[in-house]
Amino acid sequence: MRMLKLAIQKNGRLSEQSLELLRTCGIRLSNGDRKLRAASTNFPLEVLFLRDDDIPQYVEQGVADIGILGKNEVLEKARKVEMLDQLGFAACRLSLAIPREESYAGPAYFNGKRVATSYPRILQRFFAEQQIEAEIEEIGGSVEIAPGIGLADGIFDIVSTGSTLLMNGLKEVETVLCSEAVLIATPGIASEPLALLEQLRFRIRAAQNAVIHKYILLNAPDTALEEICSLIPGMKSPTILPLAREGWSSIHSVVGEDVFWEVTGQLKRAGAEGILVVPIEKMIL
Ligand code: ATP
Ligand code: MG
């Protein structure tokens, strides 16, 4: 049977979390140490470990059916691949930065300026949209030192916390792209790996839903049931179980992490007691 071939980063910021994603999907790999390839022992999946720069090309050519890498890298390489899902890790942004002491009034600042970057294609597109005539200096790495050594007036690079910029006397002035890890696939992927891909995506969604939801249990007087049920409607409806104590019930439901604190406050005001919140392992909608 034809296996599904997945390319992930061999060594870098995406490696650990890509493997972690497979683990949360219940997929075990044969050899833990990072060789060039590894097969799963319990899912028809083969994992190829590559430099992230090479993943779009391998996926375009079908050497790998799917890949996990930063959206920034997918857009920069501009290979013919399909972007399927955002995976919710390795968040960062691609931003323009200039020396801290410069005053900045808008993108027109960059007219006639030289900007160093490892992402020339994305930057080119941004400047074209903004009708800015600037010179793009493509360099492989350590972009943040370019202004200090006189190579450029500004830089266009990955920012996550901004501390690297600060250390190099730079300030972020435009965010051009927000990125995170994404799942990409060969366009027109064959039907056999496609069926496996859909199984994998199903598991990824179940794991992602679990992370953003909590299971909530609480006790409440029966008089408050109606109000409480409307606060935590759950997937279909909450479960209500009578307590041994007359006039009281236990209510079980699911609540989104984003509204969790707000909802617990409302529940307490409505009369809820003994609220327990439990993580969910998998959630299939
Ligand atoms: P490779 O050797 O595989 O080419 P790399 O040096 O190009 O690795 P990493 O530095 O490991 O790449 O980053 C991989 C991806 O992680 C980036 O393309 C980006 O999408 C994401 N990322 C998230 N936060 C950061 C950050 N603070 N700095 C750099 N990349 C980040
Ligand atoms: Mg790289």
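Please refer to the structure higher up on the page.
Numbers given to residues run from 1 along each chain, matching the order in which its sequence is written. The lettering of chains begins at A and the numbering of ligands begins at 1, in the order of writing. The model is predicted, so local features are restricted to residues of pLDDT at least 70 and side-chain atom pairs to those at 80 or more, both for listing and for counting; the totals for chains, interfaces and linings are taken over all residues. Excluded from the side-chain calculations are hydrogens and water; all other atoms, namely the structure's heavy atoms, are used.

1. A short note on the nonpolar core
The nonpolar core is taken to be a set of buried Ala, Val, Leu, Ile, Met, Phe, Trp, Tyr and Cys residues, with the residues joined through side-chain atoms within 4.5 Å. A simple rule labels every residue: compare its accessible area, found with a 1.4 Å probe on the protein chains alone, to the largest value its type can have, and call it buried under 20%, exposed over 50%, or partly exposed in between. By size, the foremost hydrophobic cluster in this structure holds 37 residues, and its most contacted members are Leu6, Leu45, Ile66, Ile68, Leu87 and Ile184. For this core, the secondary structure elements donating two or more residues are β1 (4-9), α1 (15-24), β3 (45-50), α2 (55-61), β4 (66-70), β11 (181-185) and α6 (191-211). Judged by nonpolar contacts, the second largest core, of 15 residues, contains Ile98, Phe110, Leu123 and Phe156. The numbering of helices and of strands both runs from the N terminus, where a helix is a DSSP run of H or I of at least 4 residues and a strand a run of E of at least 2.

2. Quick word on the pairing of β1
The element β1 is largely enclosed, with a buried count of 5 among its 6 residues. Looking at chain direction, β1 and β3 are connected through 6 bridges and run parallel. Each bridged residue has a counterpart across the sheet, and for Gln9 the counterpart in β3 is Leu50. We treat two strands as partners when DSSP finds at least two bridges between them. In the sheet, β1 pairs with β4 via 2 bridges, with the strands oriented parallel. If you follow Leu6 over to β4, its bridge partner there is Ile66.

3. Topic: the coordination of the magnesium ion (ligand 2)
The protein atoms that coordinate the magnesium ion (ligand 2) are Asp52 (OD) and Asp53 (OD), at distances of 2.0 to 2.1 Å. Since its relative accessible area comes to 16%, Asp52 is described here as buried. Residue classification places Asp53 among the partly exposed positions, given a relative accessible area of 25%. With water excluded from the atoms, a metal site may look incomplete; its donors are any N, O or S atoms within 2.8 Å, or within 3.2 Å for Na, K and Ca.

4. Some remarks on the packing of aromatic side chains
Any Phe, Tyr or Trp ring, taking Trp's six-membered ring, that has another such ring centre within 6.5 Å forms a pair; planes under 30 degrees apart are called stacked, those over 60 apart edge-to-face, and the others tilted. Applying the stated criterion across every chain, the model contains 6 aromatic pairs. Seen from their ring centres, Phe110 and Phe127 are 5.9 Å apart, and the 40° between their planes marks the pair as tilted. Taken together, the residues Phe110 in the loop between β6 (92-99) and β7 (114-117) and Phe127 in helix α4 (residues 120-129) connect sequence positions 17 residues apart. Here the two residues Phe110 and Phe127 agree in accessibility, since each one is buried. Put simply, the rings of Tyr104, Tyr109, Phe110, Phe126 and Phe127 touch in pairs and so form one group of aromatic residues. Sitting over the face of the ring of Tyr109, Lys113 holds its NZ or CZ atom 4.3 Å from the ring centroid. Should the NZ of a Lys or the CZ of an Arg lie within 6 Å of a ring centre and within 35 degrees of the ring normal, that charge is described as sitting over the ring.

Purely spatial values, then, with no claim about function.
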